[in-house]
Amino acid sequence: MTGGAGFLGSHLCEQLLADGHEVIALDNFLTGSPTNVEHLLQHDGFRLVRADVTEYVHVPGPVDQVLHFASPASPIDYLLLPIETMKVGSIGTLHALGLAKEKGARFLLASTSETYGDPQVHPQPETYWGHVNPVGPRGVYDEAKRFGEALTMAYRRTHGVDTAIVRIFNTFGPRMRPNDGRAIPTFIRQAMQGEPITVAGDGSQTRSVCYVDDLVRGLLLLLRSDLAGPVNIGNPHELSMLALAEQIRDLVGSDSEIAFIDRPVDDPTVRQPDITLAVSELGWAPQIELDEGLRKTIAWFQRQASDGAAA
Ligand code: NAD
């Protein structure tokens, strides 16, 4: 697993170990942290290796599955790290595919709903080719992922590597960083601190957010299938950013005011997965209600804050 010390990577490592697999996590801790997998280190089946996958990927012995998750993923991260983002999406993906080819392993690429850009088709099915601005600031992430998808298909067609592409829609849960700039951790942190909750634009732009446990279940179903994808995995429950901010404020029990700030450049107006394919081919659909997922995430942020205060 590349990016194993990140938000999604750490949850995947946890589930793979629980399912009886051995896991080697490769991570350079650019946007992730060893603390995310600290609790797994005493597990015999787990190894954490500090490695930058844009330099090389080497794993001794047999490997059955390669999950390529390394990449800055939040807008704050990839806008700050544009070249690292493009390198890990291109050279990093090349190296991860090379490992899968060498080992005869199944390969799973963590792609993104951002490949759809600011979509002109709503909701977005996998057959939609997207509406991405390659020269805008967000292009570094969107185009790196689109390149990664094309490279994955090239390895499949040219070298017969058993590949799968998942297009992940916005996912949230414990172990997101409070300052990573993504809406849910930002709103929770602001509500907990009684600061104004900053909503971009007029807050009418929509997102569809998936709780991490649902996502992990979908990813593992895809990994264990023989589908090539791309397959959308995400929660189709769509809501406006303003509604999301208000719901988080209520669940935290905060009296923060809502402050409207400028919309980022090329911020998508709408975003909702069409999950027909995942439902029919994988038998997957999200099961965790937004309210429940938010409560679990808020409880985790509150525990982190009280542990930090106690330390
Ligand atoms: P994250 O930043 O928490 O995790 C990414 C991990 O990759 C980090 O641990 C980071 O240190 C590592 N990394 C980055 N560059 C690396 C390199 N060159 N070599 C080795 N490790 C490197 O982000 P996340 O939210 O867990 O996202 C994981 C993957 O899922 C990413 O590929 C992201 O694009 C994709 N994704 C996530 C979401 C989401 O909602 N979280 C949505 C769509 C796609």
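Residues numbered from 1 in each chain as written. Predicted model: local features only at pLDDT ≥ 70, side-chain atom pairs only at ≥ 80, totals over all residues. Heavy atoms only, no water.

Peer 1: Break down the site of the ligand for me, with residues and values.
Peer 2: Around the ligand lies a shell of 29 residues, among which L8, D27, T31, Y141 and K145 are the nearest. The separation between an oxygen atom of the ligand and a polar side-chain atom of D27 is 2.6 Å. The separation between an oxygen atom of the ligand and a polar side-chain atom of T31 is 2.7 Å. Sorting the residues of the shell around the ligand by element identifies α1 (7–18), β4 (106–112) and α4 (139–159) as the ones contributing at least two each. The class makeup of the residues in the shell around the ligand is 14 nonpolar, 11 polar and four charged. (Near = heavy atom within 4 Å. Polar contact = N/O pair within 3.5 Å; in protein donor to acceptor, adjacent residues only side chain to side chain. Helix = DSSP H or I, 4+ residues; strand = E, 2+ residues; numbered from the N terminus. Nonpolar A, V, L, I, M, F, W, Y, C, P; charged D, E, K, R; others polar.)

Peer 1: Account for the pattern of salt bridges, with residues named and values stated.
Peer 2: With the rule as written, the count across this model stands at 14 salt bridges. The residue E149 makes a salt bridge to R167 at a minimum N-O spacing of 2.7 Å. Residue E149 is found in helix α4, and its partner R167 is found in strand β5 (residues 163–168); the two are separated by 18 residues along the sequence. Grouping residues by exposure puts E149 and R167 together as buried. (Salt bridge = Lys/Arg side-chain N within 4 Å of Asp/Glu carboxyl O. Buried < 20%, exposed > 50% of the residue type's maximum accessible area, 1.4 Å probe, protein only.)

Peer 1: Give a detailed account of the side chain of T152, specifying residues and quantitative values.
Peer 2: Structurally, T152 can be placed in helix α4. In contact with T152, not counting residues within four places along its chain, are T93, L97, F107, L109, T163 and I165. (Contact = heavy atoms within 4.5 Å.)

Functional significance is not addressed by these values, which are geometric in nature.
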